[in-house]
Amino acid sequence: MDCNCFDPQWPADELLMKYQYISDFFIAVAYFSIPIELVYFVQKSAVFPYRWVLVQFGAFIVLCGATHLINLWTSTAHTRTLAIVMTTAKVFTAVVSCATALMLVHIIPDLLSVKTRELFLKNKAAELDREMGLIRTQEETGRYVRMLTHEIRSTLDRHTILKTTLVELGRALALEECALWMPTRTGLELQLSYTLRHQNPVGFTVPIQLPVINQVFSTNRAVKISPNSPVARLRPAGKYMPDSARQWHVHELELVEVVADQVAVALSHAAILEESMRARDLLMEQNVALDLARREAEMAVRARNDFLAVMNHEMRTPMHAIIALSSLLQETELTPEQRLMVETILKSSNLLATLINDVLDLSRLEDGSLQLDIGTFNLHALFREVFNLIKPIASVKKMFVTLSLSSDLPEFAIGDEKRLMQILLNVAGNAVKFSKEGSVSISAVAAKSESLRDPRAPEFFLVQSEDHFYLRVQVKDTGSGINPQDIPKLFCKFAENQALGSKSSGGTGLGLAISKRFVNLMEGHIWIESEGLGKGSTAIFIVKLGIPGRSNEPKLPFMPRLPANHMQMTFQGLKVLVMDDNGFSRMVTKGLLVHLGCDVTTACSGDECLRVLTQEHKVLFMDVSIPGINCYEVAVKIHEKFGKRHNRPLIVALTGNTDRVTKENCMRVGMDGVILKPVSVDKMRSVLSELLEHGVVLQS
């Protein structure tokens, strides 16, 4: 810009001119320095959006500076050329000045909007800073919650959990005091249970029906309560003003809620653990009691078994004498009155022997030690033998007995012949015993139909197979009958006679109870049907038997039937040795053998037996129940002494033990038979017949 303040006709003031020269010079210098700075700024600011504005603004400043510089030469007389240059500079300066002014009109709103956006961004940045601070606070809170949770749940002790919670919360939130209120046993009050600073009256109670407490119980969120509330008055009086209550932040309340949830989980786990510990302690006490009871039961079972073993031997020894001598006496010349007395003695002795067998069998059935003696036998012959045994008794009572065997019933079967006969004798014997007149029918078929099942026992199923069959036996009588309500009692011990309405018919009261257990061992079922008193009854049982040639059971030879004249058989000159430590029993056994014509030698010990036994002795009867003597070793030494079988006597064991182990031990050491005491003269005759004919005793 040019400002010619001097009128040519005015006088010149040299001092003023001097100042103008100096001012124009510095103005020009300042003008020319600004474009240089703008150029530097444009080069360094690669993202500046208004570069052309700066260039235009720099041109404007350069032109203004140029006009001021030119003024240095126009203040005095100057040429026309200089005037033209000055004019041109002023024209360009005017144009650039107007353009810049117009440009600023458009740029200033943009610059204002940029300023607004800058302010907005600053606000957003501040908000983000606050959010980041909150996030960092939440992260720190979460980290501390995890640490607190670990501390709380590192133990399952209720007291430790609660105290740790108070301490850690106080540390996390910088609490002045923290307390825990818990309901009392009555549930009507809250009791102060734990405090942080240990300066409050633990045990203090407040009513549970307070509004503030109801407010807390009605929500699962953290609740801010008044500092004047009874449950909030935990600080010592006078130390803090009521209006100095803490201002709780949201994240602090959330921390309290999270910790409360964790404490609830930990307390529930602690309760479960406490319950488990109590259950474990109770279970341990029960186990100790059960173990004690088991040991006592085992001791009782051992004592009972020892008692039964002793009583078995001690009772069978005198019974052996009674039955043996009575049977010998029966075969002598007797008066009718004497024969009647001998027969009464024999019947009573046999009844007592049956009672002994029943009691011992029942005891072994109950403790599970009795096992079936499986072998092959003639099933038809067994039924005929039972029929022949009960027919004379029925004839005395003038009763008619029939036996019916189906055509599809196998002649031979695999099973326990002795136990099956005992079941048949018990069931058929009851039918005859408890009937005064009428008839008894016995029928046997091979069960194959589901209709043969007892509808009262749906759990029993007939499972047919190629190597087994089910034997169904029905014994029907026209006797006194049974009350239907008494039928379930029939298979209970000692209840048989009472349920059948008689106590004077003889018997042990154990027959059906033992039969039921035998039937169960044979995988069968037994039941009784009756329409009432005076209408008779029907006993039915089903047992599972093997088929010879197909079953996996051992194929033992069946017992042959003795000839009809075996009652008159004698064994003159047969040399026999009897070994028994009991002199009375030894004398009785010798008497039986002498009566049958045998030449008998006796021995009272194993050493004496080995010393007197020679090849001339054909049979050795050995009592294997001798205390203090291992009779099995004696049998082994006899085998070693004589070598081959045809060079040694036949060895037969006499025993009062009915268990299978005794029989297996006898067979293991090479004995040829096992005879169960007591022994009658007829039984001894049968034993000797089998020994001489087959070389082995096939019955016990």
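Going by the structure above, here's the rest.
Residues numbered from 1 in each chain as written. Predicted model: local features only at pLDDT ≥ 70, side-chain atom pairs only at ≥ 80, totals over all residues. Heavy atoms only, no water.

Time to look at unusual backbone geometry. Cis geometry marks the peptide bond from K677 to P678, where omega comes out at 0°. The backbone of K398 sits at a positive phi, close to 55°, despite the residue not being glycine. Looking at the secondary structure, you find K398 in the loop between α8 (379-396) and β5 (400-405). With a phi close to 60°, E523 is a non-glycine residue in the positive phi region. Locating E523 in the fold gives a position in the loop between α11 (511-521) and β9 (525-529). (Helix = DSSP H or I, 4+ residues; strand = E, 2+ residues; numbered from the N terminus.)

Taken N-terminus to C-terminus, the directions of α8 and helix α9 (residues 417-433) make an angle of 30°; their axes are 10 Å apart at the nearest point. Relative to α9, α8 is oriented roughly parallel. When the axes of α8 and α9 are compared, the crossing they make is right-handed. Note on element contacts: α9 touches α8 through E417, L420, M421, L424, L425, A428 and V432, opposite L379, L382, F383, E385, V386, L389, I390, I393 and A394. (Axes fitted to C-alpha atoms, helices over the stretch in contact; angles between N-to-C directions. Parallel < 35°, antiparallel > 145°, perpendicular 65-115°, else oblique. Left-handed = near helix turned anticlockwise from the far one by under 90°. Contact = heavy atoms within 4.5 Å.)

The next thing to look at is the sheet that holds strand β12 (residues 599-603). Spatially, β12-β11-β13-β14-β15 is the arrangement adopted by the five strands of the open sheet, whose pairing is parallel. Looking at strand neighbours, the two that pair on one side only are β12 and β15 (673-676), the edges of this open sheet. Taking the axes of each pair of neighbouring strands and ignoring which way they run, one obtains an average angle of 25° across the sheet. The pairing of strand β14 (residues 650-655) with β15 spans four bridges and is parallel. Residue T655 lies in a different strand from β15, and its bridge partner there is L676. Sheet strands touched by helix α15 (residues 660-668): β14 and β15. Its angle to β15, the strand with the most contacts, is close to 145°. On the sheet, helix α16 (residues 681-694) packs against β13 (619-623), β14 and β15 and is oriented at approximately 130° with respect to β13. (Pairing = 2+ DSSP bridges.)

With that settled, the discussion passes to the pairing of strand β7 (residues 439-447). Pairing of β5 with β7 involves six bridges; the strand directions are parallel. Residue pairing across strands places L405 opposite A444, the latter belonging to β7. Both β7 and strand β8 (residues 468-477) contribute to a ladder of eight bridges, which runs antiparallel. Its bridge partner being in β8, V440 is matched across the sheet by D477.

For the structure shown, the criterion picks out 14 salt bridges. With its nearest N and O atoms 2.4 Å apart, the salt bridge here joins D291 to R294. With D291 and R294 both in helix α6 (residues 250-330) and three residues apart, the pair spans about one turn of that helix. On the accessibility criterion, D291 (25% relative accessible area) is partly exposed. Accessibility expressed as a relative area gives 41% for R294, which makes it partly exposed. Two residues, K677 and D623, come together in a salt bridge whose shortest N-O distance is 2.7 Å. Pair noted here: K677 is in the loop between β15 and α16 and D623 is in strand β13, with a separation of 54 residues, a long-range link. On the basis of relative accessibility, which here comes to 1%, the residue D623 falls in the buried class. Connected through salt bridges with shared partners, the residues D291, R294, R295 and E298 form a single ionic network. (Salt bridge = Lys/Arg side-chain N within 4 Å of Asp/Glu carboxyl O. Buried < 20%, exposed > 50% of the residue type's maximum accessible area, 1.4 Å probe, protein only.)

Another point: the sheet that holds strand β2 (residues 189-195). The strand order across the open sheet formed by three strands is β1-β2-β3, and the pairing between neighbours is antiparallel. Taken across any chain shown, the strands that pair with only one partner, and hence form the sheet edges, are β1 (179-183) and β3 (205-207). Strand-to-strand twist across the sheet, computed as the mean angle between neighbouring axes with direction ignored, equals 35°. In the packing of helix α4 (residues 158-173) onto the sheet, the strands contacted are β1 and β2, and the crossing angle to β2 comes to about 75°.

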